[in-house]
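Residue-level structural notes
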Amino acid sequence: MDRSQKADSVAQLNAVFKEAGVVVVTRNLGMSVAQSTELRSKMREAGASYKVAKNRLAVLATKDTDYAGIADYLSGPTALAYSTDPVAAAKAAVEFAKTTDRIEIVGGSMGGQLLDEAGVKALASMPSLDELRAKLVGLVNAPATKIAQVVNAPAAKLARVFGAYAAKDAA
């Protein structure tokens, strides 16, 4: 890479760090191309991205962002998983790490909060933003459904009573 390519790479990473909700640092322990492709596709499905970046350039890109603390994790063969959803990248990385021993979760950061390996795994166990929204909508709709059932219950009971009297009179 020449100097201008490095500057472009730092600028792109800096933009990523300014937009990301979470950044997870992983250590690559000799993944094959097929495994790397599979990981990237799982990240895309989850709404996250996975990028191998030179450690020195990534450290430069973290300056003046909330993710400056991850610079300590950037040593050796590392890669960055990131997403705007605070759970997506962590969940995808942890799930993939369970299937292979070729990738290791080093740590990460959620905004200004630095996370160690256990923190990233705890974050991955949380429901995603879409799941939380669905639960919230379900909780909001539940009282309305119960009210409709309560309002309709007396009418249904009355209809059953009339039906029973009609059957009794017919017999």
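To start, this report covers the structure provided alongside it. (Residues numbered from 1 in each chain as written. Predicted model: local features only at pLDDT ≥ 70, side-chain atom pairs only at ≥ 80, totals over all residues. Heavy atoms only, no water.)

Before going further, it helps to spend a moment on the overall build of the protein. Summing up its helical and strand segments, the protein has 6 helices and 5 strands in all. Of the regular secondary structure in the protein, the N- to C-terminal order runs α-β-α-β-α-β-α-β-β-α-α. Taken over the C-alpha trace, the protein has a radius of gyration of 26 Å; the compact-globule value for 171 residues is 16 Å, which it surpasses by more than 25%. When its C-alpha atoms are laid out on the principal axes, the protein stretches across 95 × 35 × 30 Å. Taken across its 171 residues, the protein has 36% of its residues classed as buried. Taking the intrachain contacts of the protein between residues at least 6 apart in sequence as the baseline, contacts between residues at least 24 apart amount to 79%. Looking at charge distribution, the protein has the averaged site of its 21 positive side-chain charges lying 3 Å from that of its 17 negative ones. (Helix = DSSP H or I, 4+ residues; strand = E, 2+ residues; numbered from the N terminus. Rg over C-alpha atoms; globule rule 2.2 N^0.38 Å. Buried < 20%, exposed > 50% of the residue type's maximum accessible area, 1.4 Å probe, protein only. Contact = heavy atoms within 4.5 Å. Lys, Arg positive; Asp, Glu negative; His and termini not counted. Charge placed at Lys NZ, Arg CZ, Asp CG, Glu CD.)

The topology assignment puts S83 in strand β3 (residues 78-83). For S83, a relative accessible area of 4% translates into the label buried. Ignoring anything within four residues of it in the chain, the contact list for S83 reads A20, G21, V22, G47, A48, A88 and A89.

A few words now on helix α4 (residues 88-99). An ideal rise of 1.5 Å per residue puts 16 Å on 12 residues; α4 measures up with 17 Å between its terminal C-alpha atoms. Buried within α4 are the following residues: A88, A89, A90, A92, A93, V94 and F96. Those residues of α4 that are buried are in contact with β1 (22-28), α2 (33-46), β3, β4 (103-110) and α5 (117-124). (Expected span 1.5 Å × (residues − 1).)

In the contact formed by helix α1 (residues 3-19) and helix α3 (residues 55-62), the axes pass within 8 Å of each other and the chain directions differ by 50°. One finds that α1 runs oblique with respect to α3. You can see that α1 and α3 cross each other, and the crossing is right-handed. Residues K6, S9, V10, L13, N14 and F17 of α1 lie in contact with α3, whose contacting residues are L57, A58, L60, A61 and T62. Classifying every residue of the contact of α1 with α3 gives 7 nonpolar, 3 polar and 1 charged. (Axes fitted to C-alpha atoms, helices over the stretch in contact; angles between N-to-C directions. Parallel < 35°, antiparallel > 145°, perpendicular 65-115°, else oblique. Left-handed = near helix turned anticlockwise from the far one by under 90°. Nonpolar A, V, L, I, M, F, W, Y, C, P; charged D, E, K, R; others polar.)

Our next topic: the pattern of salt bridges. Within this structure, the stated rule accounts for 4 salt bridges. The partner of E38 in a salt bridge is K42, with the nearest N and O atoms 3.4 Å apart. Of the two residues, E38 and K42 are both situated in helix α2; the distance of 4 residues between them amounts to about one turn of the helix. Residue classification places K42 among the partly exposed residues on the basis of a relative accessible area of 35%. (Salt bridge = Lys/Arg side-chain N within 4 Å of Asp/Glu carboxyl O.)

Across all of its chains, the model carries 1 aromatic pair by this definition. Measuring from ring centre to ring centre gives 6.0 Å for F17 and Y67, while their planes differ by 40°; the resulting arrangement is tilted. In this pair, F17 sits in helix α1 while Y67 sits in the loop between α3 and β3, placing the two residues 50 residues apart along the sequence. Neither residue differs from the other here; F17 and Y67 are each classed as buried. (Phe/Tyr/Trp six-rings, centres within 6.5 Å; stacked < 30°, edge-to-face > 60°.)

Right, let's talk about the pairing of strand β5 (residues 113-116) for a bit. In this structure, β4 lies alongside β5, joined through 4 bridges in antiparallel fashion. Bridging from a neighbouring strand, M110 pairs with Q113 of β5. Taken together, β4 and the strand that follows it, β5, pair antiparallel across an intervening segment of 2 residues, in which G111 is found at a positive phi of about 65°. (Pairing = 2+ DSSP bridges.)

This paragraph deals with the nonpolar core. Counting residues in each nonpolar core, the largest one holds 22 residues, and the members touching the most others are V24, L39, M43, Y50 and V120. Elements supplying a minimum of two residues to this core: β1, α2, β3, α4, β4 and α5. In terms of residue count, the dominant contributor to this core is α4 (6 residues). Formed by 19 residues, the second largest nonpolar core is a distinct cluster that contains V25, L80, Y82 and V106. (Core = buried A, V, L, I, M, F, W, Y, C linked by side-chain atoms within 4.5 Å.)

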